[in-house]
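# Geometric and topological summary
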Amino acid sequence: MLAAGIVTAAALAVVGQFALPLPDGVAPLLFHLGVSRSFARTLLDVRSLAALTVAVVAGAALTVETIRRPTRRVKVLAAGGLVVAGAVASVAVAWLTHPRAVHVTMSAWLDAALAVLAVAGAVSLFVEGLELGGVARLVTDLGDVDAPMALQHSIGRALDDPSVELWFWSAGLGAYVTLDGSRGDPERTRPGRVLTRLSARDEPLAVVVHDAARDIPDHRVAAVCAAARMALDNERLHAQVRAQLADATASRARIVVAGDQARREIERNLHDGTQQRLLAVLLRLREAEERHRRAGERAGSAALADEVGLAADELAVALEELRAIARGLHPPALDHGLAAALDALAETAPLPVELHTPADLPAAGPEIEAAVYFFVAEALTNTVRHAGATHLAVTVERTASGLRATAADDGCGGAACRGGTGLARLGDRAAALGGQLRVDSRAEAGTTLVLELPTAPPGEATADVVP
Amino acid sequence: MNTIVVDDSVLLREGIARVLDDAGFAVVAKRGDADGLVELVDTTGAGLVVLDIRMPPTHTTEGLEAAIALRATRPGVAVVVLSQYIETRYALELLADGSPGVGYLLKDRVAAIGEFVDAVRRVTAGGTVIDPQVVARIVARERRHNPLDALSEREREVLGLMAEGRSNQAIADRLVVNLRTVETHVSSLLTKLGIPVAPDDHRRVRAVLLHLSHTDRPA
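Only a predicted model underlies this, so the values are computations on that prediction, with no experimental measurement involved.

Reading the values: rules and limits
- Residues numbered from 1 in each chain as written.
- Chains lettered and ligands numbered in written order.
- Predicted model: local features only at pLDDT ≥ 70, side-chain atom pairs only at ≥ 80, totals over all residues.
- Heavy atoms only, no water.
- Helix = DSSP H or I, 4+ residues; strand = E, 2+ residues; numbered from the N terminus.
- Buried < 20%, exposed > 50% of the residue type's maximum accessible area, 1.4 Å probe, protein only.
- Areas by Shrake-Rupley, 256 points an atom, 1.4 Å probe, with all protein chains shown as cover.
- Contact = heavy atoms within 4.5 Å.
- Buried area = accessible area lost by both parts, 1.4 Å probe.
- Salt bridge = Lys/Arg side-chain N within 4 Å of Asp/Glu carboxyl O.
- Polar contact = N/O pair within 3.5 Å; in protein donor to acceptor, adjacent residues only side chain to side chain.
- Nonpolar A, V, L, I, M, F, W, Y, C, P; charged D, E, K, R; others polar.
- Expected span 1.5 Å × (residues − 1).
- 1 Å grid on protein atoms, 1.4 Å probe; cavity = no way out; pocket = protein on both sides within 12 Å on 5 of 7 lines; lining within 4 Å.
- Points joined across faces, edges and corners; volume = space filled by probe spheres on them.
- Axes fitted to C-alpha atoms, helices over the stretch in contact; angles between N-to-C directions.
- Parallel < 35°, antiparallel > 145°, perpendicular 65-115°, else oblique.
- Core = buried A, V, L, I, M, F, W, Y, C linked by side-chain atoms within 4.5 Å.
- Pairing = 2+ DSSP bridges.
- Right-handed = clockwise from strand over helix to strand, strands pointing away.

Helix and strand counts for chain A stand at 12 helices and 10 strands. Sorting the 467 residues of chain A into buried and exposed places 40% on the buried side. Accessible area for chain A stands at about 25,200 Å²; split by element, carbon and sulfur atoms hold 62% of it.

Turning next to the overall build of chain B. Each helix and strand counted, chain B has 10 helices and six strands in total. Expressed as a percentage of the 219 residues in chain B, the buried residues total 54%. The long-range share in chain B, meaning contacts at least 24 apart out of those at least 6 apart in sequence, stands at 66%. For chain B, the accessible area works out to roughly 8,800 Å², and carbon and sulfur atoms hold 53% of it.

Contacts between chain B and chain A engage 37 residues on the former and 41 residues on the latter. Roughly 3,600 Å² is buried in total at the junction of chain B and chain A, and carbon and sulfur atoms are behind 50% of that figure. Linking chain B with chain A are six salt bridges. In this structure, the salt-bridge partner of Glu-267 of chain A is Arg-54 of chain B, at a minimum N-O distance of 3.0 Å. Linking chain B with chain A are 16 residue pairs in polar contact (both at pLDDT 80 or more), by the criterion used here. When residues of the side of chain B that touches chain A are traced back to their parent elements, those giving at least two are α1 (10–22), α4 (88–95) and α6 (132–140) of chain B. No other element matches the seven residues that α1 of chain B contributes to the side of chain B that touches chain A. Its residues placed into classes, the side of chain B that touches chain A shows 11 nonpolar, eight polar and 18 charged.

With that out of the way, let us pick up the side chain of Asn-168 of chain B. All names here are of chain B. You can see Asn-168 is positioned in helix α8 (residues 168–175). A polar atom in the side chain of Asn-168 sits 2.8 Å from the side chain of Arg-204. Apart from residues lying up to four places away in sequence, Asn-168 is in contact with Leu-179, Val-182, Glu-183, Val-186 and Arg-204.

This next bit is on helix α3 (residues 62–73) of chain B. All names here are of chain B. The end-to-end C-alpha distance of α3, which contains 12 residues, comes to 17 Å, matching closely the 16 Å that a straight helix rising 1.5 Å per residue would cover. What α3 keeps buried is the set Glu-62, Gly-63, Leu-64, Ala-66, Ala-67, Leu-70 and Arg-71. Where the residues of α3 are buried, they touch α2 (37–44), β3 (48–52), β4 (78–83), α4, β5 (102–106) and α10 (201–214).

The next point concerns empty space enclosed by the protein. All names here are of chain B. Scanning all chains against the criterion turns up two cavities of 30 Å³ or more. When its volume is computed, the largest cavity comes out at roughly 100 Å³. Lining the largest cavity are 14 residues; nearest its centre among them are Ile-53, Arg-54, Ser-83, Tyr-85 and Tyr-90. In terms of residue class, the lining of the largest cavity is built from five nonpolar, five polar and four charged.

This paragraph deals with the packing of α2 of chain B against α3 of chain B. Residue and element names in this part refer to chain B. Between α2 and α3, the least distance of the axes is 9 Å, while the angle of their chain directions is 50°. Judged by the inter-axis angle, α2 sits oblique to α3. Along its contact with α2, which presents Leu-37, Val-38 and Val-41, the element α3 presents Ala-66, Leu-70 and Thr-73.

Counting 53 residues, the largest nonpolar core has Leu-51, Tyr-104 and Ile-130 of chain B as its most contacted members. Core analysis: the next-biggest nonpolar cluster, separate from the first, contains 40 residues, Leu-423, Leu-426, Ala-430 and Ala-432 of chain A among them.

It is worth spelling out the pattern of salt bridges at this point. Pairs may arise between side chains of opposite charge once their charged atoms sit close together. Summed over all chains, the structure comprises 32 salt bridges over all chains. Close ionic contact of Arg-323 of chain A with Asp-108 of chain B constitutes a salt bridge, the shortest N to O distance being 2.2 Å. With Arg-323 of chain A in helix α8 (residues 299–329) and Asp-108 of chain B in the loop between β5 and α5 (113–124), this residue pair bridges two chains. The residue Asp-200 of chain B makes a salt bridge to Arg-203 of chain B at a minimum N-O spacing of 3.2 Å. Accessibility expressed as a relative area gives 39% for Arg-203 of chain B, which makes it partly exposed. Connected through salt bridges with shared partners, the residues Arg-286, Glu-289, Arg-293, Asp-306 and Asp-313 of chain A form a single ionic network.

Turning our eyes to something else, we now look at the pairing of β5 of chain B. Residues and elements named next belong to chain B. Counting buried residues in β5 gives five out of five residues, a clear majority hidden from the surface. Judged by which residues are buried, β5 turns out to be covered on both faces: Val-102, Tyr-104 and Leu-106 on one side and Gly-103 and Leu-105 on the other are all buried. Here β4 runs beside β5; their pairing, made up of five bridges, is parallel. Of the residues in β5, the one forming a bridge with Leu-82 is Leu-105. On the question of chirality, the crossover connecting β4 to the parallel β5 by way of α4 is right-handed. As judged from the three bridges shared by β5 and strand β6 (residues 128–130), these two strands associate in the parallel manner. In the sheet register, Val-102 faces β6, and the bridge partner there is Thr-128. Regarding topology, α5 serves as the crossover connection from β5 to the parallel β6, and that connection is left-handed.

Here the focus is the sheet that holds strand β9 (residues 436–441) of chain A. Across a sheet, paired strands are connected by hydrogen bonds in the backbone, their directions being either parallel or antiparallel. All names here are of chain A. One open sheet accounts for five strands, arranged β6-β7-β8-β10-β9; its pairing is mixed. Among the strands making up the open sheet, the edge pair consists of β6 (353–356) and β9. With strand direction ignored, the average angle separating the axes of adjacent strands in the sheet is 10°. Relative to strand β8 (residues 402–409), strand β7 (residues 392–398) is paired through seven bridges, and the arrangement is antiparallel. Each bridged residue has a counterpart across the sheet, and for Ala-393 the counterpart in β8 is Ala-408. The sheet contacts of helix α11 (residues 421–432) involve β9 and β10 (447–454), and relative to β9 the element is tilted by about 145°.

Right, here's the structure in full:
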């Protein structure tokens, strides 16, 4: 706005020089009106005065600009200094050489300065027009935004700063989030970065962080953001949802891991505590049974031995059941690795299980190995219960991002042969760990279950991001 | 014979020591973990060590590792390893180094006092003992193309007893047949399964177990 005003005034003043000298008829007219010669001369001087005023105002405006925009300070002061020096020098020369022509020289210099101002103002208007043209391009771009980071790139293009970051305020999480769901703290100041805050409906909406060195004017950032506001609001909601989803996924994974650890604890307590104790009791009972049997033919002794023996038998059965429960909670073979645990499953299976596991199985977290183990166990259970199959083929292999376990039987296939809640639970567990479970069950072609898991669980991938 | 008992449960440690003492083994040391086992064997002059697989600190396989280390450095010492769970891999690892005088028993076997003592005696006599339940599981495993189908009922019985570590004479006594019959069955089933004749009982056990546990696992 300011530039436009300066340009207009300067142009008028310069043009005015050619418009006045007053046309031939005016001077006599003025005389007739009683306007004195001196007053006429003053009019000419008024033009000069007007030009001078414009120059002063322009100078003041430029001064204010340089104060606000320190990086331009040096350039403007240098230019201004040159002009002033030039003016003073020529006035001095004129005074020394042609004292009477001083007035003319000053006038000429004023005109020159105004001309420069006019050109500068015009150029600045042109550049602003280009910049605003960039905003117009942004508006068109925004119509095409569908990928999350596209909005950030569009704004970066419009501002001519590829390092632009967009952060949205998420009231739900109480933090700023980026377009791909990472949380962070953009308000922490970093050198060379400038923060522009945007709000909507009196609530914080987003912040735009851009490069300080590029010296982007505030009005340009504001123009860009105004154009992008609706898209920004939309993206804000998307960013919030993505961050919440990432949180929820991480917490699901944590729940699975916690569950596995809790079961392992129970199995260990059963083994180290209860089972040992019961075995010790069983041992004492057997010893007592032996003693009474060896104590000779006395009727009472034999009967007692029988009683003790019966008690010991019952206890032995209880111990066996307890061991089965403990193994169901957490198979001890898992401590020796996934391949060992699957071997153990195959050994006791009521139908032939063919295992194909590579020698170089990638190391995976305990929750991943447990998930594969329970997957195979569940597949085996379903095959045995429903499928009428002759065997189950189990394959574990690496994939680009983790592990794939396949369990294929040659049973009857079809929906009637699919397991119920067990598979649903497995599917949940797989999803919580960032993987997936697929069921392919065609009638007369058997059932194939496929479990894919990443070896880096999702909870570790999205840590809090601090820019 | 001087004996060391290692088990992280006090109750069981005492119980096992009692049973062994009654059977004529002199229990000279009882421990709750396998640290410094080799030194302890040296200082006590023990000829037999009975230990549990699960031990502190991680309670996974410390006992197994200690047993293997002990057999490597003191091959003359008889070692009986007790395990709460059947794990074929553990048995194979114990047998891997090829020297006799080793046993792998289910811990519950301890309560079957007669069988436990018998197994310990066989190990101290230089035999190799694998718990019958471990063998049963390996032999009974369902396979698509089961090589054991080629064996007769009797041959399968003999196979199981061989895998438990029994000598031909012991098998003959058990099945109440004469030695020559057993020898015939043995060479017949070894041929049918493609297992080479082993120079001694210990290597025989190892060969049989290895063969049986590798079926159904393509290379």
